[in-house]
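Per-entry structural report
Below are the chains, spelled out letter by letter.
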Amino acid sequence: MPDIKVTPLGAGQDVGRSCILLSLGGKNIMLDCGMHMGFNDERRFPDFTYIAPEGPLTSYVDCVIISHFHLDHCGALPYFTEVVGYSGPIYMTHPTKAIAPILLEDMRKVAVEKKGESNFFTSQNVKDCMKKVTAVTLHQSVMVDSELEIKAYYAGHVLGAAMFWIRVGSQSVVYTGDYNMTPDRHLGAAWIDKCRPDLLISESTYATTIRDSKRCRERDFLKKVHECIDRGGKVLIPVFALGRAQELCILLETYWERMNLKVPVYFAVGLTEKANNYYKMFITWTNQKIRKTFVQRNMFDFKHIKPFDKAYIDNPGAMVVFATPGMLHAGLSLQIFKKWAPNENNMVIMPGFCVVGTVGHKVLNGAKKIEFENRQVVEVKMSVQYMSFSAHADAKGIMQLIQYCEPKNVMLVHGEAAKMEFLKEKIKKEFSLDCYTPANGETSIINTSLCIPIDVSLRLLKAESMKHNALPPDPKRSRVMHGVLVMKDSSTCLMDVDEACREAGINRHFVRFTSTLRMEDPGPSSKTAEKLLQLIKARLKDWHVQLTDGSISVESVLVKVEGNEDEQKSVYVSWDNQDEELGSYILGLLQTMGQ
Amino acid sequence: MKLYCLSCDPNKPCYILRFKEITLMLDCGLSAHTVLNFLPLPLVPSARLNNLPGWMPRDIADAHLEGELKECCGRVFVDSAPEFFPPQPKIVDFSEVDVILISNYLCMLALPYITEGTGFSGVVYATEPTMQIGRLFLEELVHHIEQTPKATLASHWKEHLHVLPAPLSDSLKPRNWRHIYDMKAVNDSLAKIQMVGYNEKLDIYGALEVTAVSSGYCLGSSNWVINSHYEKIAYVSGSSTLTTHPKPMDQGALKNANVLILTGLTQTPTANPDSMLGELCMTVANTLRCGGSVLIPCYPSGVVYDLFECLSSHLDASGMTSIPMFFISPVADTSLAYSNILAEWLSTNKQNKVYLPEEPFPHAFLVRNGRLKHFKHIYTEGFSTDYKQPCVVFCGHPSLRFGDAVHFVELWGGNALNTIIFTEPDFPYLEALAPFQPLAMKAVHCPIDTSLNFTQANKLIRDLKPGTLVLPESYRQPPGTAPHRLDLIIETDRPLLSFKRDEVLTLPLKRKQTQVDMSPELAENLVPNEVRSGVALATLTAAIQVKDNKHTLKILEEPEKPSSRKKSRALEEALNKKPTNYTWGVLDIDEFIQKITQEGITDAKVEQVASGYIIHLPNEDTLIQVEDSSTHIFCEGDMLLRQKLRTILLQCLNKF
Ligand SMILES: [Zn+2]
C-alpha cells in the first residue's frame, strides 16, 4: 500500500476544528478530535459516521493523537470515546493530559448548565475519557502496535503542544497541530529534526502573515492598558484560565516591574491559581529562560498579580482584572463587565475568539446596548479592544519547518482557502514539492515511492567497498553492486552467487569454453606468451592481467601457449560463461594478431 | 566488537565499547574511595585535627615527607586536599571517543576528567534528570572541596608507599590521582551533554541506533540498548525493581540481546532496603526521644527524597511533629525544586499527582509548612536562628571528608545521645568514621541500596535470555564481606564472559549481514526464479549509493551513447558488464542432443565416462565435456559455431 490517504473531517480549508483522518501502510490514525466553537448543534462535532457508517469505530481507527489542549483540537474527544464508543488508544503529552480535562469540563459546564444544551458529554464522560489516554514525552518512540510508531516533537504553541511524527514501515507523516516557530514569553520555538517524512501536514492559520506583528500587538496591548489606567480607568481582560492568560500575565508582570507601576493587577481566583500550578509543574515545557531561572524565581509566581475578590469590583481608581470566562457569556467576567461597561474611562480587551451569541461576540461587533434575560439593559460606553495573541507559525515559519524536516509532500490544513492557495504556490515554487489543500470530506491521495529494506551479505558489501576504494576517485563512475537476491520465507538477502546457491540448496552449473588457435611464432613458447601478455595488457589497462606458470589470466579467462621452439604454437583461450564478453574479446584480439 | 574496562568499581562503571568503527564510552563513574585516605576538611578550624600527631616512617629521612601524614587512633591519613582516581586514558585515548552514554547521575562524576583537556570532541547523551541532578552532584562536590582550601598539598608520600601502613600502602597508582576539577570544567563538560528521552532512538553516525530505557533506580536513570541492524547489545547499569519514586524499570526493551553487559548490582547484598528503612526510622525516633540529634550523611538527591517522605510520616505517627528536619547542601534548593518538575520521570503514583495539580513529592509540602528546612550551608543566614536540638540533619558528603557533615560529626561526636546513621552504600562506614575516632555518638549502619540484588539479577538474566552475558569478575564470587554466601553470585546457563580493570574483552558478535534500501523501480525490474518451493533467486546488478553509512540500491543507468564517449571507456564498460543470470542444475543430455540436431549438427556421438559424458562432434572438431555441475566446450576458433552451441546449451540449463 504505497499511497497515503488524508481526509479532513475538520480543518480542511477552514480554522473551525481540527480532525483529520490519515491512512498509511494499512493503519488509520485520527489526528486531533476538535470541536467547532461557532456551532451549537450537531455541526460542532466532526461527522464520525464518515469513518464507518455503522458499527463500532474502534476497528477502523488504530489510534487517536491529540496535538494540544485547545478545544478546537480536543473538544470532541469525550464525545468520540464515551458517546460514539471509540475504545482504542489515545496519545497526548503529559501537560495536555493534565490540562485538557479542565478545559473540557469548563466548556461542558458553559454549554450544558448555562446554555441548557443536550446531546453533550457529561462530567463523568470527561473523566472516563481521560483514563484511556496514554501520556507521551517528547522524542520518545512509542510503538502503538508492532508496525505503527509515533514520536512527539516540541510545537511551542501552548504548554504541552506537540507535533507528531507517524511511521508505518518505511512511510512516514508529520502532523504539526498548531505550532510557533519563534519563542514567546513563556514557550520555546517549535523544533523538528531532518526526519524527511513522505508527507508534512501543516497548519496554515497565518499563511499570509509575516511575523513581527506579534511584538507590535504586545506593545499595542501594553500601551492601551497603560493609557487606560493613566486616566484612572479600569481594564477588564476576559480570558480562559489556561493558555493565553499565563502569557498575558507574564507580559503585564514584566511591564509592571519595568515601569515600576503601582496600579493593582488582579487575577480572578478559582481555576487560575490551579492553572498557574500546572505551569509551575510542567516548567520543563516552557522556554529556556524560564527553565533556567525557575529555582530562584518561578515565572508563574507573580509578584504584581494578586488574587481578585468580588468586593473589589466597586473599588475606586484604576485596576486591571483578568477574569474567566473568555467570551463574557457567564460568570465573573460578565458580572464585572456589567458594572464597568457604562463608564467611558474603562476598557475591555478581548484577547481571543468569541462564539456567536455570546456577550463577547456582541461587544466585539460594536453593540452599544446589551439586553439581558431579566430585561436588564447595559449601555456599553467603555472602549472595546480585540487583540489576537494566538501563537501560530507565519508564512516564514511554515517555510522554515519545511526546510527543517525536508518532506517529500506538503499538505496545508487549519487555514483559510484563499490564504492557503498563496502559500501553496510559494511552496511549489521554492521547494518544488507537491502541495495539497483538501477541503473537509475530500480525500487527498499521496503517492509515495516505497524503498524496500533488504539484507546484504557483509562480505559482498565489503568486497565492493574495497574495490571502490582501490580505484582512483571518479565521481562519474557509479558504484556497482552485483549479486543474487535470495527470497526465502519473508527475508530477502543479496549475496554473491555461490553463497546464494548454498543458501538455496542448489548447485551451480558451470559452463566453460576453450578455443584453440594456431600461431606462427618461432622461438620458445614462453616468449610467445610474453608477447601475448604485453598485447593484452596494452588493451586492458585497468584490468588485473597476470602471468603464472606460463598461463596468462584475466578474471576467469586463461590463455596458454603450447608448442616446441620452431613449431607453430597452439594457443588455448578458455573462459567461464560469465566472462563471455571478455573471453571472446581476448580470443578475437589474439586471432587478429595471429593473422 | 571489543569491550575495554576502565573501572574497578562495578558501581562506578566506565567502559569503552568499540563496535562498527564507533567508539562508545559507557558511563564515567568516579570511584571516590581514595578520599578516605585523606584527613577531613573542617568548615571551621578544628583543634582536634590540627593537633593530631604527625607520622613518619622509620628509616626514611625524606624531609619533604614532614607534615604530610597524620595519625589518628592507629590510622595514618594524608593531610592534604582529597584526590580522586579517574579512569585512565591508557588503553583508549579519550580523543577517540565518539559518544559517551551516561546511565544515571551517580555514574558521571568523572565526566570533566574525560571531556576536558583530553581532546575529546564527541557527544554525551544523558536524560534531562541525569544531566540536571548530575550537575547538582558535580557542583556540590566542587563546592565542598573548594570552600575549605588547603594551604599545602602533599605528594611526597606517594614516593614511599612501600613503607606506609595499610591501607595507604595498598593505594593503586596514587601518582595518577587527581585533585577535583573546577567549576569551569564542570560547566564545559555539562555543555557537551545532549538530553535524551526514554525510548528516543538516537542515530549514531548512521551505523548504530542507541536508546535509553528506564532503569527504575533513580530519577532519569537509564539502561541502554545499542542496535545495529542485526545485533543488539543491552547495557544494564544501576537498576532497581523496587517501587520507590522513579519510573519503573523497562525490562522488555532489554530482552533477547546478543550481548548483555551487567553492572551496578547492590553494594550491600546482605541488607534489605525495606527493613533498613524501617530500622532507620526507629533509630531516629529513639534517638530523638532521648533528646539526641541525628545526622544522616547523604547525597543531594536520590534516596534522600524517600527518607524525607518516610521519616516525616513516621515522626508524625510517633507524635514528634515539631522536630525540625534540616537539609543542608549548596544545591538543596535546586534539588528540591527540580524533583518536583520532573513528573514525566516518576512512578505512576507520583506522576498522577501533577494532574491534580499537586507536587509529586511531599517534601514540597514539608518545606511550605516549615517541617523540612533547607539551607545552602550551616553559615547561611537563618540557619542559626532555626537551628534547635534535637533535630535531624541531612547533609553531605557521605565520605565524611568534606562538606557540612564534617562539622556535625565534630560538633555532636562527643555526645553519646546523638546518632549518625549511614544510608549511602558508597563508603565503608567504619572507614568514613576513622579520622573522627574516638567517638561517643552512636554509629548505625542502615545502608539503603535499591539496586538489583543477586536474586533479582539472576531472575532478570533468566527473563532477558541474552546470547552472552558480560559482567565484572567480582560478580562471580561471593562478596568479601560475606565469603560463605554462595547465593550472592551470578549464576547462569548463558555463555559468560567476565572482565576486570584495564582488561580488553572481545565480544562474540559475528556480523554476516547488514540492511540496505532498494528503490521501488529496481525492485520492479527483478525477475525472480523459483528454484525450490518457497525459494526464489534473482540475479541483480545495481548502482549502490552510500550516504551517512546508509546504502541504497538503485537502477544502474545505462551508459551514455558511445559516440560521445572515449572508445576505451565504452570497451571497458562492455567488458565489465555483469552476467544477467547464472546457470544451475544438471544438463539434460538428450534434450541437448535433440536441439543441436535440430540446428543441423547431426554427427554427435555421446560417450559415457566416469565423471559424466563426453559429446564428440567430429565434423566440427569439437568436444563437449558434461558433468553434473559443469559443461566444458572445447572447440577450434570458429566463433559462430561456439556461439551456436552456447545458445543451445544455455537454453537447456536452468537459470536464475
Ligand atoms: Zn491551538
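Since the model is a prediction, treat every value here as computed from it, not as a measurement.

Below, the discussion takes up the overall build of chain B. The secondary structure content of chain B amounts to 17 helices and 32 strands. Over its C-alpha atoms chain B spans a radius of gyration of 36 Å, topping by over 25% the 26 Å that the globule rule assigns to 656 residues. Each of the three principal axes of chain B carries a C-alpha extent, and together these read 120 × 70 × 60 Å. Considering only contacts within chain B whose residues lie at least 6 apart along the sequence, 70% involve residues at least 24 apart. Treating the 59 positive side-chain charges of chain B as one cloud and the 73 negative ones as another, the clouds have centres 1 Å apart.

Quick look at the overall build of chain A now. The number of helices and strands found in chain A is 16 helices and 30 strands. Reported as C-alpha extents along the three principal axes, the dimensions of chain A are approximately 130 × 55 × 45 Å. In chain A, buried positions account for 57% of the 595 residues. Within chain A, contacts between residues separated by at least 24 positions form 70% of all contacts whose residues are at least 6 apart in sequence. Of the roughly 25000 Å² of accessible surface on chain A, a fraction of 50% belongs to carbon and sulfur atoms. Charged side chains of chain A number 71 positive and 69 negative; the gap between the two group centres comes to 9 Å.

Another point: the environment of Glu-406 of chain A. Residue and element names in this part refer to chain A. Turning to its location among the elements, Glu-406 is positioned in the loop between helix H11 (395-405) and strand S20 (409-413). Taking the C-alpha atoms as reference, Glu-406 lies 43 Å from Thr-358; in sequence the two are 48 residues apart. Here Lys-194 takes part through its side chain, which lies 3.4 Å from a polar atom of the side chain of Glu-406.

Another point: the interface of chain A and chain B. On the side of chain B, 87 residues touch chain A, which itself brings 81 residues to the contact. Taking both partners together, chain A and chain B bury about 7300 Å²; carbon and sulfur atoms supply 58% of that area. Sorting the residues of chain A by area buried against chain B places Met-281, His-482 and His-509 of chain A first, and these three jointly supply 11% of that buried surface. For the pair chain A and chain B, the number of links is 5 salt bridges. Note that Glu-580 of chain A is salt-bridged to Arg-646 of chain B, the shortest N-O span being 3.2 Å. Summed over the shared surface of chain A and chain B, the result is 36 residue pairs in polar contact (both at pLDDT 80 or more). The dominant element in the side of chain A that touches chain B, judged by the number of residues it contributes, is strand S24 (residues 480-488) of chain A, at 9 residues.

A separate point is the packing of aromatic side chains. According to the stated counting rule, one finds 37 aromatic pairs over all chains in the structure shown. On the basis of an interplanar angle of 70° and a centroid distance of 4.8 Å, the ring pair of Tyr-198 of chain B and Trp-345 of chain B is categorised as edge-to-face. Taken together, the residues Tyr-198 of chain B in the loop between strand S8 (193-196) and strand S9 (201-204) and Trp-345 of chain B in the loop between helix H7 (332-339) and helix H8 (348-353) connect sequence positions 147 residues apart. Each member of the pair, Tyr-198 of chain B as well as Trp-345 of chain B, is classed as buried. Aromatic side chains Phe-454 of chain B and Tyr-475 of chain B sit 5.9 Å apart centroid to centroid with 90° between the ring planes, which places their arrangement in the edge-to-face category. Note that Phe-454 of chain B is positioned in helix H13 (residues 454-464) and Tyr-475 of chain B in the loop between strand S20 (468-472) and strand S21 (496-499), a separation of 21 residues in sequence. Positioned above the aromatic ring of Phe-372 of chain A is the side chain of Lys-338 of chain A, whose terminal nitrogen or guanidinium carbon lies 4.4 Å from the ring centre.

Once that is clear, we can look at the nonpolar core. Within the largest apolar cluster, 256 residues are counted, with the highest numbers of intra-cluster contacts made by Phe-221 and Phe-337 of chain A together with Phe-394 of chain B. With residues up to four places along the chain from it excluded, the contact list for Phe-337 of chain A reads Leu-236, Leu-328, Val-359, Val-363, Ile-370, Val-380 and Met-382 of chain A. Within the second largest apolar cluster, 43 residues are counted, among which are Ile-536 and Val-573 of chain A together with Ile-633 and Ile-648 of chain B.

Residue and element names in this part refer to chain A. For strand S30 (residues 569-576), the buried fraction is high: 7 of the 8 residues fall into the buried class. Pairing geometry for strand S29 (residues 557-562) and S30, over 5 bridges, is antiparallel. Each bridged residue has a counterpart across the sheet, and for Val-561 the counterpart in S30 is Val-571. In this antiparallel pair of consecutive strands, S29 and S30, the connection spans 6 residues, and Gly-563 shows a positive phi of 135°.

Attention shifts here to the pattern of salt bridges. Here the structure, examined in full by the defined rule, presents 49 salt bridges over all chains. Across the pair Glu-636 of chain B and Arg-518 of chain A runs a salt bridge, and its minimum N-O distance is 3.0 Å. Note that Glu-636 of chain B is positioned in strand S31 (residues 630-636) and Arg-518 of chain A in strand S26 (residues 510-519), a pairing that runs across two chains. With a relative accessible area of 24%, Glu-636 of chain B lands in the partly exposed category. Judged by relative accessible area, Arg-518 of chain A falls into the partly exposed class, the value being 41%. The shortest N-O distance in the salt bridge between Lys-595 of chain B and Glu-591 of chain B comes to 3.6 Å. With Lys-595 of chain B and Glu-591 of chain B both in helix H16 (residues 589-598) and 4 residues apart, this pair spans about one turn of that helix. Counted as one network, the salt bridges with shared partners bring together Lys-90, Lys-173, Arg-501 and Asp-502 of chain B.

Another point: the coordination of the zinc ion. A metal bound by six donors in octahedral fashion has ideal angles of 90 or 180 degrees, whereas one bound by four tetrahedral donors has an ideal angle of 109.5 degrees. Residues and elements named next belong to chain A. On the protein side, the zinc ion has His-68 (NE2), His-70 (ND1), His-157 (NE2) and Asp-178 (OD) as donor atoms, found 2.2 to 2.3 Å from it. Because the angles between the 4 donor atoms bound to the zinc ion fall within 87 to 173°, the donor set is best described as irregular. The motif formed by the donor residues of the zinc ion, counted along the single chain, is H-x1-H-x86-H-x20-D. A residue pair is termed long-range when its members are at least 10 positions apart, and His-70 in the loop between strand S4 (63-65) and helix H1 (71-74) and His-157 in the loop between strand S8 (148-154) and strand S9 (162-168) qualify at 87 residues.

This part takes up the domain arrangement of chain B. When cut into domains, chain B gives domain 1 (2-31 + 88-269 + 451-500), domain 2 (273-445), domain 3 (516-576) and domain 4 (583-655). Computed from C-alpha coordinates alone, the two centres of domain 1 of chain B and domain 3 of chain B are separated by 47 Å.

Below, the discussion takes up the domain arrangement of chain A. Domains assigned within chain A are domain 1 (3-210 + 391-446), domain 2 (214-386), domain 3 (455-504) and domain 4 (512-594). Once you take the C-alpha centre of each, domain 1 of chain A and domain 3 of chain A turn out to be 44 Å apart.

The subject of this paragraph is the UniProt feature "domain: Beta-Casp" (unreviewed entry) in chain B. On the UniProt side, "domain: Beta-Casp" (unreviewed entry) is annotated at positions that read residues 304-433 of chain B here. Here residues 304-433 of chain B is 40% helix and 12% strand, with 20 Å between the C-alpha atoms at its ends.

So, about the environment of Thr-34 of chain B. All names here are of chain B. Note that Thr-34 resides in the loop between strand S3 (22-26) and helix H1 (47-50). Judged by its relative accessible area of 9%, Thr-34 is buried. Sequence separation between Thr-34 and Leu-486 is 452 residues; the distance between their C-alpha atoms is 29 Å. Filtering out sequence-adjacent residues up to four positions away, Thr-34 remains in contact with Glu-83, Phe-84, Phe-85 and Trp-177. One polar contact links the side chain of Thr-34 to the main-chain carbonyl oxygen of Glu-83, over a distance of 2.6 Å.

With that settled, the discussion passes to the packing of helix H3 (residues 128-146) of chain B against helix H4 (residues 183-190) of chain B. Residues and elements named next belong to chain B. Two elements in contact, H3 and H4, have axes separated by 10 Å at closest approach and are oriented at 170°. On the basis of their axis angle, the class for H3 and H4 is roughly antiparallel. Contacts from Met-131, Arg-135, Leu-138, Glu-139, Val-142 and Glu-146 in H3 reach Met-183, Val-186, Asn-187 and Leu-190 in H4. Split by residue class, the contact of H3 with H4 holds 6 nonpolar, 1 polar and 3 charged.

That bond from Ala-166 of chain B to Pro-167 of chain B is cis: its omega, 0°, falls within 30 degrees of zero. Within the secondary structure, Pro-167 of chain B is located in the loop between H3 and H4. Cis geometry marks the peptide bond from Gln-389 of chain B to Pro-390 of chain B, where omega comes out at -5°. Topologically, Pro-390 of chain B is positioned in the loop between helix H10 (383-386) and strand S17 (392-395). One non-glycine residue with positive phi stands out, namely Ser-432 of chain A, at about 45°.

The description of two helices packed together rests on the angle between their axes and the distance between the axes. Residue and element names in this part refer to chain A. Between helix H2 (residues 77-84) and helix H4 (residues 123-131), the least distance of the axes is 9 Å, while the angle of their chain directions is 95°. Classified by the angle between their axes, H2 and H4 sit roughly perpendicular to one another. On H4, the residues touching Leu-77, Pro-78, Thr-81, Glu-82 and Val-83 of H2 are Asn-125, Val-126, Asp-128 and Cys-129. Grouping the constituent residues of the contact of H2 with H4 by class yields 5 nonpolar, 2 polar and 2 charged.

Conventions adopted
- Residues numbered from 1 in each chain as written.
- Chains lettered and ligands numbered in written order.
- Predicted model: local features only at pLDDT ≥ 70, side-chain atom pairs only at ≥ 80, totals over all residues.
- Heavy atoms only, no water.
- Helix = DSSP H or I, 4+ residues; strand = E, 2+ residues; numbered from the N terminus.
- Rg over C-alpha atoms; globule rule 2.2 N^0.38 Å.
- Contact = heavy atoms within 4.5 Å.
- Lys, Arg positive; Asp, Glu negative; His and termini not counted.
- Charge placed at Lys NZ, Arg CZ, Asp CG, Glu CD.
- Buried < 20%, exposed > 50% of the residue type's maximum accessible area, 1.4 Å probe, protein only.
- Areas by Shrake-Rupley, 256 points an atom, 1.4 Å probe, with all protein chains shown as cover.
- Polar contact = N/O pair within 3.5 Å; in protein donor to acceptor, adjacent residues only side chain to side chain.
- Buried area = accessible area lost by both parts, 1.4 Å probe.
- Salt bridge = Lys/Arg side-chain N within 4 Å of Asp/Glu carboxyl O.
- Phe/Tyr/Trp six-rings, centres within 6.5 Å; stacked < 30°, edge-to-face > 60°.
- Lys NZ or Arg CZ within 6 Å of the ring centre and 35° of its normal.
- Core = buried A, V, L, I, M, F, W, Y, C linked by side-chain atoms within 4.5 Å.
- Pairing = 2+ DSSP bridges.
- Donors = N, O, S within 2.8 Å, 3.2 Å for Na, K, Ca; no water.
- Tetrahedral: all angles 85-135°; square planar, octahedral: opposite > 155°, others 65-115°.
- Domains from an automatic or database assignment.
- UniProt positions renumbered as here; feature names shortened; annotations may be inferred.
- Axes fitted to C-alpha atoms, helices over the stretch in contact; angles between N-to-C directions.
- Parallel < 35°, antiparallel > 145°, perpendicular 65-115°, else oblique.
- Nonpolar A, V, L, I, M, F, W, Y, C, P; charged D, E, K, R; others polar.

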